[in-house]
Amino acid sequence: AVVAQAPCIELNDGNKIPVLALGTGRGTAKETETLEDVRNAVLWAIEAGYRHIDTAAVYDDEEQVGQGIADAIAKGIVTREQIFVTTKLWNDKHARDQVVPALRESLKRLGLDYVDLYLIHFPVSTKSDGSPDNIDYLDTWKGMEEARQLGLTRSIGVSNFNLSQIDRLVANCQVRPAVNEFEVNPTLTQEPLVSHCHSLGIAVMSYSPFGFLVSRKRDDAPPPKYDDPTLGAMAAKYGKTPGQIVLRYLIERGLIPIPKSTNKKRLAENINIFDFQLTEDEVATISRFNKNTRVISIDAWKDYPNYPF
Ligand code: NDP
């Protein structure tokens, strides 16, 4: 098999982050997919050259992610230091003094003594039963800073924060977030939020990178689909697939895409995007698919405090 490598960029705290991550969220998983598939996917991904894995407490698969990493280390493919692991704090652990214990629980499940990046998953806080709470994410952030101080995570950041939430956090923190992870794909291009984060030195991880290209069965799903002729022409020109064109589009925009796959062939395909480049015109052409339409909107929280969308 061809082993591809994603280059690294430097975060605002000096740590290095590989610009492509394996997604392990279970939102698109087929009914036949098991947690054991996650363990295999992580091992296959590392064999294929991935050095960055994205998980979260709420995915309920940190244990399997940790097992996949342990398998790769046992096989001598990588050392712990060569892998970048991202996990996330769930909404029901937002009180300042809950953050460090929540990260310790994640570390126990992962079988690791530190993660590389810990994110506040959403700016929204809930009670443990999922009902709305009203904890200020500035308080949560103090707990994140403590977790970093203790060496339990090397970098700290946020996810799903909107522009004004980012500004308020940056104006009121000791340690600036290194990353904001949010949805970016051809139908949700997010230029204002991306350029704002970049201007503040905050790297952007783009989730659901394929948008509506695959696996999203919605009657109102906007183009591009996998068989889109515009993407198809670019794919033919470069000898790539439409999926690779979309991932490369995100790379050209300076983003860190997080494609999820538990399929050995597709996950190898998804990292094989570092031997070609799209032109500026091609990037602009793909950006014109934008409809500001989200794959992930979590309507159930739209009346909760700090709902970001
Ligand atoms: P993706 O955009 O990664 O799409 C995943 C789907 O695409 C799966 O059905 C997968 O199937 C399929 N697929 C993968 N590669 C290919 C390919 N080359 N060709 C055709 N189909 C392909 O969706 P996600 O929503 O999972 O987002 C990715 C990751 O981002 C998540 O796993 C998670 O880690 C993160 N995320 C974070 C969120 C947050 O709030 N911070 C929210 C949502 C996601 P198969 O596995 O069979 O290949």
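Use the structure listed above.
This text gives an overview of the structure that appears in the document.

Rules and cut-offs
Residues numbered from 1 in each chain as written. Predicted model: local features only at pLDDT ≥ 70, side-chain atom pairs only at ≥ 80, totals over all residues. Heavy atoms only, no water. Helix = DSSP H or I, 4+ residues; strand = E, 2+ residues; numbered from the N terminus. Rg over C-alpha atoms; globule rule 2.2 N^0.38 Å. Buried < 20%, exposed > 50% of the residue type's maximum accessible area, 1.4 Å probe, protein only. Contact = heavy atoms within 4.5 Å. Areas by Shrake-Rupley, 256 points an atom, 1.4 Å probe, with all protein chains shown as cover. Lys, Arg positive; Asp, Glu negative; His and termini not counted. Charge placed at Lys NZ, Arg CZ, Asp CG, Glu CD. Pairing = 2+ DSSP bridges. Near = heavy atom within 4 Å. Polar contact = N/O pair within 3.5 Å; in protein donor to acceptor, adjacent residues only side chain to side chain. 1 Å grid on protein atoms, 1.4 Å probe; cavity = no way out; pocket = protein on both sides within 12 Å on 5 of 7 lines; lining within 4 Å. Sits in = over half its atoms within 2 Å of the grid points. Points joined across faces, edges and corners; volume = space filled by probe spheres on them. Nonpolar A, V, L, I, M, F, W, Y, C, P; charged D, E, K, R; others polar.

So, about the overall build of the protein. Within the protein, the regular secondary structure consists of ten helices and ten strands. The C-alpha atoms of the protein give a radius of gyration of 18 Å, which matches the 19 Å a tight globule of 309 residues would have. For the protein, the spread of C-alpha atoms along the principal axes amounts to about 55 × 45 × 40 Å. When burial is assessed residue by residue, the protein has 54% of its 309 residues classed as buried. Contacts in the protein between residues far apart in sequence, at least 24 positions, make up 75% of those at least 6 positions apart. Accessible surface computed for the protein: about 13200 Å², of which carbon and sulfur atoms make up 49%. Distance between charge centres in the protein, computed from 35 positive and 41 negative side chains, equals 2 Å.

Right, let's get into the sheet that holds strand β7 (residues 153-159). Judged by pairing direction, the sheet is parallel, and its eight strands sit side by side in the order β3-β4-β5-β6-β7-β8-β9-β10 without closing on themselves. Edge positions in the sheet fall to β3 (22-23) and β10 (256-257), since each has one partner strand and no second. Across two bridges, the pairing between β3 and strand β4 (residues 52-54) is parallel. Bridge pairing in β4 links Leu 22 to Ile 53.

Residues in close proximity to the ligand total 29 residues, the closest being Asp 54, Arg 216, Lys 260, Ser 261 and Arg 266. The backbone of Thr 24 places a nitrogen or oxygen atom 3.3 Å from an oxygen atom of the ligand. Asn 160 has a polar side-chain atom sitting 2.9 Å from an oxygen atom of the ligand. Put simply, the ligand lies in the largest pocket.

Let us look at empty space enclosed by the protein. Per the stated rule, a full pass over the model turns up one cavity of 30 Å³ or more. The calculated volume of the largest cavity comes to roughly 40 Å³. What lines the largest cavity is simply Leu 22, Gly 23, Thr 24, Gly 25, Arg 26, Glu 33, Val 38, Ala 41, Lys 260, Ser 261 and Thr 262. At the level of secondary structure, the elements contributing two or more residues to the lining of the largest cavity comprise β3 and α1 (35-48). For the lining of the largest cavity, the per-class residue count stands at three nonpolar, five polar and three charged.

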